[in-house]
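As a plain string of letters, each chain reads:
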2 protein chains.
Amino acid sequence: MEIIREIGEVQKKIKEWKDAGESIGFVPTMGYLHRGHGSLIERAARENDRVVVSVFVNPMQFDNCNDLDSYPSDLSGDMDLVTGSGGDLIFSPTVQEIYPRGFNSLVEVENLDNELCGATRPGHFRGVCTVLTKFFLILAPHRVYFGKKDYQQLMVVKRMVADLNIPLEIIGCTTVREESGLAMSSRNARLSEDEKRKALIINQTLKAVKDRVIQGEVEVEKIRRWAIERIEGVGGAVVDYFEIVHPDTLQKITKIEDKAVAATAVFIGKSRLIDNIILGGKDETTDA
Amino acid sequence: MEIIREIGEVQKKIKEWKDAGESIGFVPTMGYLHRGHGSLIERAARENDRVVVSVFVNPMQFDNCNDLDSYPSDLSGDMDLVTGSGGDLIFSPTVQEIYPRGFNSLVEVENLDNELCGATRPGHFRGVCTVLTKFFLILAPHRVYFGKKDYQQLMVVKRMVADLNIPLEIIGCTTVREESGLAMSSRNARLSEDEKRKALIINQTLKAVKDRVIQGEVEVEKIRRWAIERIEGVGGAVVDYFEIVHPDTLQKITKIEDKAVAATAVFIGKSRLIDNIILGGKDETTDA
């Protein structure tokens, strides 16, 4: 398992592979990889000849310095997981390599970024879009793999790639969960056993919301209040947002008349966890 | 001379050329081509196997609808000029092809865009950067040619390409002028004979400013006031801005101690004309 830190060097490697007619899959990550990432890498390895995994904690997408500084890392564990999942290469550049002196550009997707995480984390998606544009153009992969846990991120990235004619395919993959139902996240590592137990309320409530909708409830505000109360009822859980939105525009709706997405971000102690569920569709997990 | 209107079709053509090992030069334009464009196309033809010229009046970069609606066009004249200059193909997409329903993305270069044209035309460079990113990724040329008449545009585009790792080379080319010194512009076509004569004051004043600097003047504010008075003295000329800025950061300076750029935009009647000159360097024209 090779780790490359420089743009020029990773491009040389990818050029070799492409010159040999090989296809390139790419899994962008912030490191501290878990089985969720593993499943993205495995799928990328099935669908491409070579798989590049980036490990880069992008300062531009953090609005909160504490959150950035406390983001967990374990490059040696990451190497094991990438190897075990069939990846070929880790690209882990320094912040200086990605944002050299004088860097002044940004990429943004408007309208899709003002609800959900975009509403409570101003500038977050601008940071995500800017760094992903850079990675997409540096690596020039054929296919890029994202989990559906961050539904909004997936939608924003798909929009950006279509809008800017970036020549690659974005593939959304089913959220991988613990047996308990908790969505896999690097942030789970910071949860105590007690917090981990409390965190189960997130997915449980999303599933309960889906059941209520199946049983005929259509009033979004009623469901929202009920869900927030249910989540915060466990004690130590603070809802950052709980919204039900249109699956494409991500705009808030007031009645569930067709497919919709319930998405939530919840602070369990200091950790901010996100999850979502498709309503009015067939699957329990989102299927973007 | 082929005109292609669809993204998929132009990409197919370029793929054929690239598969045959040919290099691609690109000259982005808003049409109504003149000798200045001709000289960019000629240079692109000398340095590349194939040259694509885009003709697209980009609504996203116009802050003023009248300016957009009255922008001159002459596609048949453009075809003749492209052919005569050694170009291979005109890519002239519809607005719908470039900005389909749901389009929501933007690319922006901060800090370089808040002086000069960026200060008096809010959103202008955001429109320029967004459409150029799209064209660069659609066409994937090896080299792209810009005139130095729009010095700020050249600097903004160079910054954007470096920042976003867009894999191509930006080449700035010397401004082509009428014998009278007037910088070539599609907007010159809208000038009456009287206005054309008055417009000469722009380049004359820039050269006079350069002379004053050579003679030892360093006070920017003194030069600015003198220049604006000199330009507006011809009657019917209204200075939109006249600034002396750092050649890289484009930030205003107060004393000319090293290389600097004097840049101006002047309304002659209804036409807004721009020009610039490098101060403290060797050339009369900018040399970015």
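Per an unreviewed UniProt entry, chain A goes by the name Pantothenate synthetase and belongs to Psychrilyobacter piezotolerans. In UniProt, chain A has this text filed under Function (unreviewed entry): "Catalyzes the condensation of pantoate with beta-alanine in an ATP-dependent reaction via a pantoyl-adenylate intermediate." According to UniProt, the comment filed for chain A under the heading Sequence similarities (unreviewed entry) is "Belongs to the pantothenate synthetase family."

Draft legend 1. Structural context of the sheet that holds strand β10 (residues 271–279) of chain A. Residues and elements named next belong to chain A. Pairing is antiparallel across the open sheet formed by three strands, whose spatial order is β8-β9-β10. Every interior strand has two partners, whereas the edge strands, β8 (237–245) and β10, have only one. Sheet twist, expressed as the average angle between the axes of neighbouring strands with direction ignored, equals 15 degrees. Inspection of the sheet shows β8 paired to strand β9 (residues 260–268) by eight bridges, in the antiparallel sense. Opposite Val 245, over in β9, you have Val 261 as the bridge partner. Contacting β8, β9 and β10, helix α9 (residues 193–214) runs over the sheet at an angle of about 20 degrees to β10.

Draft legend 2. Looking closely at the packing of helix α1 (residues 7–19) of chain B against helix α7 (residues 124–139) of chain B. All names here are of chain B. Taken N-terminus to C-terminus, the directions of α1 and α7 make an angle of 45 degrees; their axes are 9 Å apart at the nearest point. As judged from the angle between their axes, α1 and α7 are oblique. Taking contact as the criterion, the partners of Ile 7, Val 10, Gln 11 and Ile 14 in α1 are, on α7, Leu 137, Ile 138 and Leu 139. Per-class residue counts for the contact of α1 with α7 are six nonpolar, one polar and no charged.

Draft legend 3. Up close: the interface of chain B and chain A. Of the residues lining the interface, 24 residues belong to chain B; the matching set on chain A comes to 24 residues. Overall, the association of chain B and chain A removes approximately 2100 Å² of surface from exposure, summing both partners, and the carbon and sulfur fraction of that is 50%. For the interface between chain B and chain A, the tally reads zero salt bridges. The interface formed by chain B and chain A includes 16 residue pairs in polar contact (both at pLDDT 80 or more). A total of six residues in the side of chain B that touches chain A trace back to one element, the largest contributor, which is α7(B). Its residues assigned to classes, the side of chain B that touches chain A shows 10 nonpolar, seven polar and seven charged.

Draft legend 4. Structural context of the environment of Ser105(B). In this fold, Ser105(B) is placed in strand β5 (residues 105–109). Along the primary structure Ser105(B) and Thr264(B) are separated by 159 residues, whereas in three dimensions their C-alpha atoms are 30 Å apart. Here the side chain of Ser105(B) touches Asp163(A) through a polar contact of 2.8 Å, side chain to side chain.

Draft legend 5. Just the sheet that holds strand β6 (residues 143–147) of chain B, in detail. All names here are of chain B. Here six strands make up an open sheet; going across it, the order is β1-β4-β3-β2-β6-β7 and the pairing parallel. If you trace the sheet from one side to the other, it starts and ends with β1 (2–4) and β7 (169–173), each paired once. Neighbour-to-neighbour, the strand axes of the sheet open up by a mean angle of 25 degrees, direction not taken into account. Contacting β1, β2 (24–29), β3 (50–55) and β4 (89–91), α1 crosses the sheet at an angle of about 145 degrees to β4.

Draft legend 6. Local environment of the domain arrangement of chain A. Residues and elements named next belong to chain A. Here chain A is described as being made up of domain 1 (2–173) and domain 2 (186–278). For domain 1 and domain 2, the distance between their C-alpha centres works out to 26 Å. The partner domain 2 presents 21 residues to the 23 residues of domain 1 that form the contact. Contact with domain 2 buries surface across domain 1, with Glu 115, Leu 116 and Tyr 151 losing the most and accounting together for 34% of the total. Inspection of the region where domain 1 meets domain 2 yields one salt bridge. The shortest N-O distance in the salt bridge between Glu 115 and Lys 252 comes to 3.5 Å. The interface formed by domain 1 and domain 2 contains 10 residue pairs in polar contact (both at pLDDT 80 or more). At the level of elements, α6 (116–120) and α8 (151–163) are the ones that each hand at least two residues to the side of domain 1 that touches domain 2. Here the side of domain 1 that touches domain 2 is composed, by residue class, of nine nonpolar, eight polar and six charged.

Thresholds, definitions, all that
Residues numbered from 1 in each chain as written. Chains lettered and ligands numbered in written order. Predicted model: local features only at pLDDT ≥ 70, side-chain atom pairs only at ≥ 80, totals over all residues. Heavy atoms only, no water. UniProt positions renumbered as here; feature names shortened; annotations may be inferred. Pairing = 2+ DSSP bridges. Helix = DSSP H or I, 4+ residues; strand = E, 2+ residues; numbered from the N terminus. Axes fitted to C-alpha atoms, helices over the stretch in contact; angles between N-to-C directions. Contact = heavy atoms within 4.5 Å. Parallel < 35°, antiparallel > 145°, perpendicular 65-115°, else oblique. Nonpolar A, V, L, I, M, F, W, Y, C, P; charged D, E, K, R; others polar. Buried area = accessible area lost by both parts, 1.4 Å probe. Salt bridge = Lys/Arg side-chain N within 4 Å of Asp/Glu carboxyl O. Polar contact = N/O pair within 3.5 Å; in protein donor to acceptor, adjacent residues only side chain to side chain. Domains from an automatic or database assignment.

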